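Reading the structure
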Amino acid sequence: MKTLKQRGFTPTPMNIGVSLRSKLGFTLIELLVVIAIIGILSSVVVASLNSARKKARDARRVDDVKQVQLALELYFDANSGKYPQALSALPAAGFIPSEPTPPSGAGDTAYKYVPLSSCTSYHLGGTLEESTNIALTGDKDQGVLTAATGCPGGGTLGSDFAGTDPVFDVIP
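What you see is a predicted model; the values in this text were computed from it and never measured.

What counts and how
- Residues numbered from 1 in each chain as written.
- Predicted model: local features only at pLDDT ≥ 70, side-chain atom pairs only at ≥ 80, totals over all residues.
- Heavy atoms only, no water.
- Salt bridge = Lys/Arg side-chain N within 4 Å of Asp/Glu carboxyl O.
- Helix = DSSP H or I, 4+ residues; strand = E, 2+ residues; numbered from the N terminus.
- Buried < 20%, exposed > 50% of the residue type's maximum accessible area, 1.4 Å probe, protein only.
- Contact = heavy atoms within 4.5 Å.
- Phe/Tyr/Trp six-rings, centres within 6.5 Å; stacked < 30°, edge-to-face > 60°.
- Core = buried A, V, L, I, M, F, W, Y, C linked by side-chain atoms within 4.5 Å.
- Pairing = 2+ DSSP bridges.
- Axes fitted to C-alpha atoms, helices over the stretch in contact; angles between N-to-C directions.

All right, on to the pattern of salt bridges then. In the structure shown here, the tally under the stated rule is four salt bridges. The salt bridge partner of Asp58 is Arg61, with a shortest N-O separation of 2.9 Å. Within this pair, Asp58 and its partner Arg61 are both found in helix H2 (residues 28-78), separated by three residues, close to a single helical turn. In this structure, Asp58 and Arg61 share a single accessibility class: buried. A salt bridge links Glu129 to Arg61, with the nearest nitrogen and oxygen atoms 3.3 Å apart. A residue pair is termed long-range when its members are at least 10 positions apart, and Glu129 in the loop between strand E2 (121-127) and strand E3 (167-170) and Arg61 in helix H2 qualify at 68 residues.

Written out as structure tokens, the structure reads:
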């Protein structure tokens, strides 16, 4: 059997009455303090991740709107200066692989699109989750206008939408 000195325990006047067993482990209080600190740190990390996820979804929405805007301009050039009645015409004409859908979070299931002025203009947008997003400083904030009639594909169209923040909106 090893002596206390061989186990790394040197008896001193301060610890003469302390047993070897109390020096080898942590107390319950020490363990609870460490667990509480880990819990606080993990809640901070989770809150940061949620904010980062919102920003990532908003970045995708802004990028999708800009890609659709580019596809609309290509459609306009190829169709005698007219924009389509609906975004679904863009994939059908081969200007975009598929109609983008917004990521979940802001409640929208599709991007807002309304052709205006006999389909020679349009209003396109998507709702962002963060009202402080920097992209909102560069959008149009277009008010409600009268929807166009007589667009390629015919039919009646819905009314325009308000482009006020937190809606990121563009017009040609």
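A residue is classified by how much of its surface remains accessible, and Asp58, at 0% relative accessible area, is buried. If we ignore the near neighbours within four places in the chain, the residues touching Asp58 are Leu128, Glu129, Glu130 and Asn133.

With that settled, consider the packing of aromatic side chains. In the structure shown here, the tally under the stated rule is four aromatic pairs. Between the aromatic rings of Tyr75 and Phe95, the centroid separation amounts to 5.8 Å while the plane-to-plane angle is 70°, which identifies the pairing as edge-to-face. With a gap of 20 residues between them, Tyr75 in helix H2 and Phe95 in the loop between helix H3 (89-92) and strand E1 (112-116) connect regions that are remote in the sequence. Ring geometry for Tyr113 and Tyr122: centres 6.1 Å apart, planes at 40°, overall tilted. Classification of Tyr113 by relative accessible area gives buried; the value is 12%.

The subject of this paragraph is the nonpolar core. Core analysis: the biggest nonpolar cluster contains 19 residues, and Val68, Leu72, Leu87, Leu90, Tyr113, Leu124 and Phe168 have the highest contact counts within it. In terms of residue count, the dominant contributor to this core is H2 (six residues). Beyond its immediate sequence surroundings of up to four residues, Leu124 is in contact with Val65, Val68, Gln69, Leu72, Leu87, Lys112, Tyr113, Phe161, Phe168, Asp169 and Val170.

A word on the sheet that holds E1. Spatially, the three strands line up as an open sheet ordered E1-E2-E3, and their pairing is antiparallel. Each end of this open sheet is capped by a strand with a single partner; those strands are E1 and E3. The sheet shows a mean angle of 15° between the axes of neighbouring strands, taken without regard to direction. Where E2 lies against E3, four bridges are found, and the strand directions are antiparallel. Pairing of Gly125 across the sheet is with Asp169, part of E3. Its contacts with the sheet put H2 on E1, E2 and E3, and the angle it makes with E2 is roughly 165°.

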